[in-house]
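Structure assessment
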Amino acid sequence: MNDRPPPVVRLDRVTKYFGPVIAVSDVSLEIREGEFFSLLGPSGCGKSTTLRMVAGFEEPDRGSIFIQGSDVTGTPANKRNANMVFQNYELFPHMTVFENVSYGLKIKRVAKSEARSRTQAMLETVGVGGLEDRRASQLSGGQQQRVALARALVNEPAVLLLDEPLSALDAKLRKRMQLELKAIQSSLGTTFIYVTHDQEEALLMSDRIGIMSQGELLQVGSAREIYESPGNSFVADFVGSLNEFRMRVDEVAGLRAVARPGDGERVAVGVASAPAPGAFLQVAIRPERVRLARRGVANGGVAEKTRDEECRVFGVVGEVMYLGPLTHYLVDTPALGRIVSQQLSERREAPFAAGDHVVLSWEAEATFVLSSSSDGAGES
Amino acid sequence: MTHRRSRLLRRGAGGRITASVYVALVLIFLFAPLVVVVLVSFSSTSNMNLSLSGFSIRWYQQIATDPLVVAAFGRTALAAIVTALISGVLGLTGALGAVRLTRRWRTAVFTVPLVPLAFPALLFGIGLATFYHAIGLGFSIWATIAGHVILALPFVFLVLGAALERFRFSLLEAARDLGAGSFTIFRTVTLPLLRPAILGAMFLSMAISVDEFVIAFFTAGSQQTLPLVLYGRINLGVNPGLNAIGSILLAVTMALAFLAARTSVLEIP
């Protein structure tokens, strides 16, 4: 890493109340130049309010907002070097596509010929060249989306703010727009702040993601960091799905806690700091990290050949759920309860069927401890 | 509700004929007097009956050369246009301000202007005349216009209030985001989008002003409007010339009402 350029947008301990309700709580954040940054969280978590404060539609009750190094707290939206793509596009219905996109340039008194060529070029960039004379009402959802994008980008803002811009599109178009949006962002090099509640969308497009819940910014990191090393149980659960189980620590080896719940069984989990033997841990593991093997009956039920010697949990397949590219095996284990294992689907038939005796295993490092307690009374 | 209505609509031919006759009777009852007024205005004689001995436009020629009628026509037009302009501006600014209020205050603000409507017109007219006299404002067409504005304002308010219910205020946010200040936003987004409703409301104001009698009677003084001239002439004796004046009033009012309905019903996109 060479020395980082200064942040394009900086939030310094920003807090916002709506009446008695705290919408955004003490959020500090730096968005880097040219970055695709996503604010991810469930509805009502404060992500849209945060975005609207950067845009200038809401003012923070405490804290400051900086764009390109200068304090814009209190500066009205029309004087900020940021443009927004709204959830419902908000195209002007009484104007043509061309008039919509060139609106900002006209306000800024950009010369007519320059405004015309910049508008044309931007319409080409977002893939709606040739629709200049249409009205907004004559466009499809996807086209409206692109025009809204062009209308904001043509002003060459320091940062583009996008408030769930794809949520009104159908699934197929949405997938395509995600890729295109990412491509447009990297080709223009504009800094994007993207608000979404769709974790897959955030993982796919973002350089970095900030996870919000109940007004708080819980974790900021790359998609892989957020997904593989979630900072807490909310993040872990919100991004992707989880198996959760509870175990009693029988032995500790370095940063690895081991339980031996049954004959021949061995549950190994990675821990940040070594717990005392006898402690109870609330542990999570993602379904795709749980491996499955057939349990041989030849050696009297003991797993003779799992790929991982470290971890062995016995169970019986309860249900097989075919989801197209993936198959979920719901395995009932005496030791840990029901554990879901996610596998790539086989073309002909599933290798395991309901009622099969199987062995579950995983790498200890793939687990995360959600909470621990010494006596087993308190937990998650 | 919808279900019950659809069942009522789905009925036999007998029912449909009964319904058609019923509607026809209502229409005849409503419009026959107006049709008679118009027919008689084209009579070639001074007979007021429906014998219709011949078609002529002599009564229209007669009133067109009557200086009193022509002057009254001018005043009526002036009153209609000025009423529409003033009530349009007041109604728009008022409605735009009112939608920013909380629901409770908004309801109050949209209800208060309706009060004069519930008032008997005669009392309202007398009240206005007394008030103008008390504050030393003489009786003139301008006093009448002031009264017409009060009368038209609630309608303007209602039409614009309904339009603003459906107005996407987030569009104003989009304009601000693109760099526009408050005045530019008003000029380039608010006004063009509300134009159909504003025009509709103004046509409605004109229609109200054109055929208004009571307020004009008490406040116009010697500057009579067309309905006042019509009333005065009736006292002097009846001839088809009065029907010609009535027909003109009728045509203008209906045209304005039609324009009002057409423009303001247009869906705001």
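All figures in this text were calculated on a predicted structure; none of them were measured in a lab.

Here we come to the sheet that holds strand 2 (residues 21-31) of chain A. Residue and element names in this part refer to chain A. Here 4 strands make up an open sheet; going across it, the order is 2-1-4-5 and the pairing antiparallel. In this open sheet, the two edge strands, each paired with only one partner strand, are strand 2 and strand 5 (70-71). Bridge count for strand 1 (residues 9-18) against strand 2 is 7 bridges, and the pairing is antiparallel. Bridge pairing links valine 14 to valine 27 in strand 2.

What follows deals with helix 5 (residues 171-188) of chain A. Residues and elements named next belong to chain A. With 18 residues, helix 5 extends 26 Å from end C-alpha to end C-alpha; this agrees with the ideal 26 Å at 1.5 Å per step. Considered for burial, the residues of helix 5 that qualify are Met177, Leu181, Ile184 and Gln185. Mapping the buried residues of helix 5 onto a view down its axis gives an arc of 95 degrees, with all of them on the same face. Away from the buried face of helix 5 by more than 90 degrees, exposed residues Lys172, Arg176, Leu179, Ala183 and Ser187 are located.

With that out of the way, let us pick up helix 7 (residues 121-134) of chain B. All names here are of chain B. The end-to-end C-alpha distance of helix 7 is 20 Å, a good match for the 20 Å that 14 residues give at a rise of 1.5 Å each. Regarding helix 7, the residues found buried are Gly125, Leu128 and Tyr132. The buried side chains of helix 7 occupy one side of the element, clustering within an arc of 65 degrees when seen end-on. The outward face of helix 7, more than 90 degrees from its buried face, is lined by the exposed residues Leu122, Leu123, Thr130 and Ala134. Of the surrounding secondary structure, the elements contacted by the buried residues of helix 7 are helix 8 (141-165) and helix 11 (214-219). After helix 7 finishes, the residue glycine 136 shows a positive phi value of roughly 80 degrees.

What follows concerns the packing of helix 2 (residues 97-107) of chain A against helix 4 (residues 141-153) of chain A. Residues and elements named next belong to chain A. Running from N to C, helix 2 and helix 4 cross one another at 30 degrees; their axes reach a closest spacing of 7 Å. Classified by the interaxial angle, the pair formed by helix 2 and helix 4 is roughly parallel. Of helix 4, the residues touching helix 2 (which contributes Val97, Asn100, Val101, Tyr103 and Gly104) are Val147, Ala150 and Arg151. Here the residues of the contact of helix 2 with helix 4 sort into 5 nonpolar, 2 polar and 1 charged.

You can read the domains of chain A as domain 1 (9-238) and domain 2 (243-373). Summarising the inter-unit geometry, the C-alpha centres of domain 1 of chain A and domain 2 of chain A are found 41 Å apart.

Conventions we followed
Residues numbered from 1 in each chain as written. Chains lettered and ligands numbered in written order. Predicted model: local features only at pLDDT ≥ 70, side-chain atom pairs only at ≥ 80, totals over all residues. Pairing = 2+ DSSP bridges. Helix = DSSP H or I, 4+ residues; strand = E, 2+ residues; numbered from the N terminus. Expected span 1.5 Å × (residues − 1). Buried ≥ 20, exposed ≤ 12 C-beta atoms within 10 Å, placed from the backbone. Arc of directions from axis to C-beta. Contact = placed C-beta atoms within 7 Å. Axes fitted to C-alpha atoms, helices over the stretch in contact; angles between N-to-C directions. Parallel < 35°, antiparallel > 145°, perpendicular 65-115°, else oblique. Nonpolar A, V, L, I, M, F, W, Y, C, P; charged D, E, K, R; others polar. Domains from an automatic or database assignment.

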